[in-house]
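Given next are the chains, with one letter for each unit.
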Amino acid sequence: MTDKIAGYNRAQIILHWLTAVLVIASFVTHEGMKTAWRAVSRGQTDPGSGQLHIYIGIAALAMVLLRLALRYLRGAPEQPEGSGALIRLAGTLTHWALYGLLVLVPVTGLWAWYIGSRDAGDIHETLFNGLWVLVALHTLAALYHHYVVRDGLLRRMLSAG
Ligand code: HEM
Ligand code: HEM
């Protein structure tokens, strides 16, 4: 896997923002899924209110798998030169933790729903909370780089390089 390209390409940038939108949309639609989940867990018929959550979640998973394939084939730019070793390591670890959760959250959701596992549902919820915290940290870090460090990091995810 190459890791020394100058910047993300157009496909990587589009997939980054599309994933972000789909993750937020999955969150926005979770109430309908909770209603369906509660009904099915009580042995009642599925009211169908979770369908949107399922479709959006599967689309998010597909985008992440595409992103990982592209990253494997093309690589990703190095962490910014100006940051210290620890900050760079934190950035790399956060990115991989994000990828891990981006795969595991929808997979545990699918597991809960289609295999009918209450434990997988609980894990899905817990992992989502972790994803949320990491996304918040990631967003703050991106804004910190842009407005405080001013190293042009955010631009790497806005225009192809
Ligand atoms: C990126 C994708 C996804 C995100 C961010 C997400 C997020 C969430 C959130 C926030 C909840 C509510 C948890 C709670 O407060 O109880 C939830 C519940 C649930 N989701 Fe997802 N979800 C995603 C994908 C999926 C997929 C693909 C499925 C497949 C069927 C799914 C199935 C479920 C189920 C069954 C529940 C109810 C589980 C429970 O409440 O214990 N989710 N999801
Ligand atoms: C649900 C929301 C988001 C998720 C899941 C997410 C996930 C990721 C991941 C996994 C990477 C690593 C890319 C790689 O090297 O392969 C990344 C990079 C990046 N993200 Fe996000 N992101 C989200 C939202 C945001 C937001 C809101 C911003 C800006 C305010 C942002 C700015 C960036 C930037 C600038 C990079 C490139 C960092 C670098 O080149 O080292 N992201 N994002």
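Residues numbered from 1 in each chain as written. Chains lettered and ligands numbered in written order. Predicted model: local features only at pLDDT ≥ 70, side-chain atom pairs only at ≥ 80, totals over all residues. Heavy atoms only, no water.

Visitor: In this structure, what is going on with the overall build of the chain? I would like to understand it.
Guide: Per the secondary structure count, the chain includes 6 helices and 0 strands. Counting helices and strands in the order they occur from the N terminus, the chain gives α-α-α-α-α-α. Its C-alpha atoms give the chain principal-axis dimensions of about 55 × 25 × 25 Å. In the chain, the 13 positive side-chain charges and the 9 negative ones have mean positions that sit 7 Å from each other. (Helix = DSSP H or I, 4+ residues; strand = E, 2+ residues; numbered from the N terminus. Lys, Arg positive; Asp, Glu negative; His and termini not counted. Charge placed at Lys NZ, Arg CZ, Asp CG, Glu CD.)

Visitor: What exactly am I supposed to notice about the site of ligand 2 here?
Guide: Within the structure, ligand 2 sits among 20 residues, and His16, Arg71, Tyr99, His138 and Arg156 are positioned closest to it. Contact between ligand 2 and arginine 71: an oxygen atom at 2.6 Å from a side-chain N or O atom of the residue. Tyrosine 99 places a side-chain nitrogen or oxygen 2.5 Å from an oxygen atom of ligand 2. Mapped by element, the contributors of at least two residues to the shell around ligand 2 are helix 1 (10-28), helix 3 (51-74), helix 4 (85-116), helix 5 (118-149) and helix 6 (153-156). (Near = heavy atom within 4 Å. Polar contact = N/O pair within 3.5 Å; in protein donor to acceptor, adjacent residues only side chain to side chain.)

Visitor: Before we go on, may I ask you to explain the nonpolar core in this structure?
Guide: Within the largest apolar cluster, 10 residues are counted, these being Val23, Val64, Leu98, Tyr99, Leu101, Leu102, Val105, Leu127, Leu131 and Leu134. Sorting the residues of this core by element identifies helix 4 and helix 5 as the ones contributing at least two each. Here this core takes 5 residues from helix 4, the largest share from any one element. With residues near it in sequence (within four places) discarded, valine 64 still touches Thr19, Tyr99, Leu102 and Val103. Counting residues in hydrophobic clusters, the runner-up holds 5 residues, among them Leu15, Leu22, Ala60 and Met63. (Core = buried A, V, L, I, M, F, W, Y, C linked by side-chain atoms within 4.5 Å. Buried < 20%, exposed > 50% of the residue type's maximum accessible area, 1.4 Å probe, protein only. Contact = heavy atoms within 4.5 Å.)

Visitor: Could you clarify how one ought to interpret the coordination of the iron atom of ligand 1 in this entry?
Guide: Tetrahedral coordination by four donors sets the ideal angle at the metal to 109.5 degrees; octahedral coordination by six donors sets it to 90 or 180 degrees. The iron atom of ligand 1 binds to the protein through His53 (NE2) and His124 (NE2), with metal-donor distances spanning 2.0 Å. For histidine 53, a relative accessible area of 15% gives the class buried. (Donors = N, O, S within 2.8 Å, 3.2 Å for Na, K, Ca; no water.)

Visitor: Whenever I open this one, the site of ligand 1 confuses me. Can you help?
Guide: As a structural note, the neighbourhood of ligand 1 is formed by 20 residues, with His30, Trp37, His53, His124 and Glu125 the closest of them. In this structure, histidine 53 approaches ligand 1 through a side-chain N or O atom, which is 2.8 Å from a nitrogen atom. Taking histidine 124, its side chain carries an N or O atom lying 2.8 Å from a nitrogen atom of ligand 1. Among the detected pockets, ligand 1 sits in the second largest pocket. When residues of the shell around ligand 1 are traced back to their parent elements, those giving at least two are helix 1, helix 2 (30-41), helix 3, helix 4 and helix 5. (1 Å grid on protein atoms, 1.4 Å probe; cavity = no way out; pocket = protein on both sides within 12 Å on 5 of 7 lines; lining within 4 Å. Sits in = over half its atoms within 2 Å of the grid points.)

Visitor: Just to check I follow, could you spell out helix 2 for this structure?
Guide: For an α-helix, 3.6 residues make a turn, and residues three or four places apart therefore share a direction. For helix 2, built from 12 residues, the straight-helix expectation of 16 Å at 1.5 Å per residue is met to within 8% by its first-to-last C-alpha distance of 16 Å. The complete set of buried residues in helix 2 reads Met33, Ala36 and Ala39. Along the long axis of helix 2, the arc covered by the buried residues comes to 125°, so they all point the same way. On the buried face of helix 2, the contacting elements are helix 3 and helix 4. Of the residues trailing helix 2, glycine 43 is marked for its positive phi of about 85°. (Expected span 1.5 Å × (residues − 1). Arc of directions from axis to C-beta.)

Visitor: I would appreciate a short explanation of helix 1 in the present structure.
Guide: Its 19 residues place the ends of helix 1 27 Å apart at the C-alpha level, agreeing with the 27 Å of an ideal helix rising 1.5 Å per residue. Of the surrounding secondary structure, the elements contacted by the buried residues of helix 1 are helix 2, helix 3, helix 4, helix 5 and helix 6. With a side-chain oxygen positioned 3.3 Å from the backbone nitrogen of alanine 11, the residue opening helix 1 is asparagine 9.

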